[in-house]
Amino acid sequence: MSRFQRTLIGLFCAAVALWLVAPTLIIVPISFAEKKSLAFPPDGFSLQWYANLIRNPEWSNSILNSLQIAAIVSVVATVIGTLAAIGIARMKPRGGGVIRAILITPMIVPGVVMAIGIYAVYLDHQLVGSLTGYVAAHSMLAIPFVIIAVGASLSVFDTRLETAAASLGASRITTFFTITLPLIAPGVLSGLLFAFVTSFDEVIVALFINSPSRKTLPVQIFASMTRDSDPTVAAVGTLIFLLTSFIIAAGLWFGTRRRRA
Amino acid sequence: MRDLISIRRNPVLLTVPAVLLLLVALGYPLAQVVLRSFTDPQPGLDNYIWFFSRPVNLTVFWRTFEVSAWVTLLCLILGYPYAWMMTAVGPRMRMLMILCVLVPFWVSGVVRTLAWVILLQDSGVINRVIMALGFEKLRLIRTQTGVIIGMTQVLLPFMIMPLYAVMRGIDLRLVQAAQSLGARPALSFLQIYLPLSLPGILGGAVIVFILGLGFYITPALLGGPRATMLSTLAQQQVLQQLNWGRGGAMGVILLVSTLLLLAVAARFTRRRYQIAGGSK
C-alpha cells in the first residue's frame, strides 16, 4: 500500500473517531448555558443547571435512585454471573455452550419486547416502581456482561493451580478465595463495572416500570427531553460522560495490568 | 460439605441462580407477551390479522427493516477501514483508537441522542453550517435521515469490535504471499483479505442489524411521526392505548424477525467455515 493511500485511510479514520466522540462533547458547553435553551453555541456562563441537579428533587431523587439501583445490581449480577461463568467453564463444552447461549439472550431480545412483558408481570404482582422490580430486571440485563468478562478471565485460568492447592490440603472454599478469585479478579471487577453501567444507563425497561415516586435518571432525562429544552439534561449528561469515561479508563487500566502480571 | 462435592461433580449447579433469574425476569415476561398477543381481548389471531391488514403498520414494519439496513451498511463503510487501521498502527495509537470506540459505547444512549437532538435541530449546528455555506436549510430532526445518522453513530462500536477481533487474527503473510506472486494490491485485498475478514463483517452486520431493529430511544427522540419504528409503535399500543394484545403481537413480530435473522446468520457462518475448511 502506498504512503498516499495509507494517509488517506488515516484521515478517514480520524474523521470516524471524531464523529464517534465529538457529537457527545457538544453537551459540555451547553451545560454551562445562561438561558434555558439547548441552542449551540450557548450564550454566557452559569452553573445554575448543575445547582438545579441538587436543588430540584425531581433530579436529585432520580440520581439517588439510579445510584442505589445500580449499586445493588452490580453486586447481585456480579455474584450470580461469576458463579454461572465458573459453572460454564467447568462443564463439558457442549452443555456449557448451551447454558451460556441461554444466559446471554437478554443481549439480543429487543428492549421493548422485554419491557412490555416485564411491565405486564410487574402490574400483576405490584412490582411497578419497586426496588425489587428494578433490581431483578436490571440484574437479568447485566448478567451477560459479567459472564462474558469473567468467562474471558477464566479461559486463561490454569485449573491445575486449583488441583495443586487441593492436593496440599486446602478445602474447596479456601481454594476458591485464595487461588481462583484473586486470579480472575480483573474479570470480576470489569464485570462489576459493566453491570453498574448497564443498570445506570438502562432506559427502556425503566420507562415502563417506573412510578412517580421511584424514577431512574435515564427516565428523568428522557422525560425532560420530550417536555422542554432544559439544559439540566446537558449538565447531568456531562457528569455521566465524565463518570463513564473514568470507569472505562479504570477498567482498561485493570485489564492491562492483568496482562503484565 | 456434601453440597460442595455435588457442585464439583455437577458444575451446572453453579448456573442455577442465573438461570432462575433469567426465567423469572425474562422467560415468564416473554411468555406473557406471546400469550397476550393471542388472547387479548379474545382468543385468536385477531391481533396479527389487524397488524398485517393495516397499511400504516406495514409501512412502519418495512421502515424498521429499511432503517436498520441503511444503518448496517453505513456502519460497515465507516467501521471497516477503522478496524483495519487498528490492526496496522502501534500499541499507543491502537489504545487511543479503542478508547474512541469504547467511550461512546458506554456513554448512555440517552445522553448521546440528546447531543444529536442539539446538533440536528432546525436551528442547530449542522443547519447553521449548511446555511452559512449558502445552501437551503435541511429538515434533519424528525426525519428518517436524522434517525439513521443518530443510530449509525450509536451502533458503530458494535460493528468495529467484531471486525477488529477477526482482522487481528488474519495472517498478513497470506496477503504478502499473494503480492509476491504478482497480485496487485486491489486483487490481493479482494481475493485474500476480504474473504478472511468476512466472519467479522457478518458478525458485526448481524449485531448492528438486530440491535437496529429493536432500537427505541433514538427513533423516539430523533424521529417524528413520519419516522416511527416498530418499537415505538408497540410501546404506544401498550402505554397509550392500553392495548396489550396488539402491542404484544408487535413485540412477537419484532422478536420473531430477530430470531429468524440470527438463525439465518448462524447457518450462513457455519457454511462459510466449512467452505473455508476452517478448523474451528
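Residues numbered from 1 in each chain as written. Chains lettered and ligands numbered in written order. Predicted model: local features only at pLDDT ≥ 70, side-chain atom pairs only at ≥ 80, totals over all residues. Heavy atoms only, no water.

Caption draft 1: The environment of Ala178(B), seen in detail. Residue and element names in this part refer to chain B. Mapped onto the secondary structure, alanine 178 falls in helix H9 (residues 172-180). Separated by 145 residues in the primary sequence, alanine 178 and valine 33 have C-alpha atoms spaced 54 Å apart. Contacts of alanine 178, omitting those with residues within four sequence positions, involve Ala183, Ser188 and Ile192. (Helix = DSSP H or I, 4+ residues; strand = E, 2+ residues; numbered from the N terminus. Contact = heavy atoms within 4.5 Å.)

Caption draft 2: Quick look at the interface of chain A and chain B. Contact with chain A, which involves 79 residues of that partner, is made by 76 residues of chain B. Of the roughly 6800 Å² buried where chain A meets chain B, counting both sides, 85% is carbon and sulfur surface. Linking chain A to chain B there are one salt bridge. As a salt-bridge pair, Arg36(B) and Asp124(A) come within 3.5 Å of each other at their nearest N and O atoms. Across the contact surface, chain A and chain B share five residue pairs in polar contact (both at pLDDT 80 or more). Residue contributions to the side of chain A that touches chain B peak at 12 residues, all from helix H1 (residues 3-25) of chain A. (Buried area = accessible area lost by both parts, 1.4 Å probe. Salt bridge = Lys/Arg side-chain N within 4 Å of Asp/Glu carboxyl O. Polar contact = N/O pair within 3.5 Å; in protein donor to acceptor, adjacent residues only side chain to side chain.)

Caption draft 3: Highlighting a nonpolar patch on the surface. A contiguous nonpolar patch, built from Val12(B), Leu13(B), Val16(B), Leu20(B), Leu23(B) and Val24(B) and spanning about 490 Å² of accessible area, is present on the exposed surface. Position of Val16(B) among the secondary structure elements: in helix H2 (residues 16-39). (Patch = residues over 30% accessible without salt bridge, like charges linked within 9 Å, V, L, I, M, F, W, Y side chains within 5 Å. Areas by Shrake-Rupley, 256 points an atom, 1.4 Å probe, with all protein chains shown as cover.)

Caption draft 4: Main features of the packing of aromatic side chains. Residues and elements named next belong to chain B. In this structure the tally under the stated criterion is 18 aromatic pairs over all chains. Grouped by ring-pair contacts, the aromatic residues Phe51, Phe52, Phe61, Trp62, Phe65 and Phe209 constitute a single cluster. Cation over ring: arginine 36 sits above tryptophan 244, and NZ or CZ is 4.8 Å from the ring centre. (Phe/Tyr/Trp six-rings, centres within 6.5 Å; stacked < 30°, edge-to-face > 60°. Lys NZ or Arg CZ within 6 Å of the ring centre and 35° of its normal.)

Caption draft 5: View of the confidence of the model for chain B. All names here are of chain B. Residues with a pLDDT of 70 or more make up 93% of chain B, whose mean pLDDT is 87. Taking the mean pLDDT of every element in chain B, the minimum, 61, falls on helix H1 (residues 2-9) and the maximum, 96, on H2. Below a pLDDT of 50 lies the segment residues 275-280, which in the model reaches one contact outside its immediate sequence neighbourhood of four places, other chains included. (pLDDT = per-residue confidence, 0-100.)

Caption draft 6: The packing of helix H11 (residues 217-227) of chain A against helix H6 (residues 109-120) of chain B, seen in detail. Interaxial distance between H11(A) and H6(B) falls to 10 Å at its minimum, and their mutual angle equals 20°. Classified by the angle between their axes, H11(A) and H6(B) sit roughly parallel to one another. Where H11(A) crosses over H6(B), the handedness of that crossing is left-handed. Contacts between H11(A) and H6(B) pair Pro218(A), Ile221(A), Phe222(A) and Met225(A) from the former with Val110(B), Val111(B), Thr113(B), Leu114(B) and Val117(B) from the latter. Tallied by class, residues from the contact of H11(A) with H6(B) come to eight nonpolar, one polar and no charged. (Axes fitted to C-alpha atoms, helices over the stretch in contact; angles between N-to-C directions. Parallel < 35°, antiparallel > 145°, perpendicular 65-115°, else oblique. Left-handed = near helix turned anticlockwise from the far one by under 90°. Nonpolar A, V, L, I, M, F, W, Y, C, P; charged D, E, K, R; others polar.)

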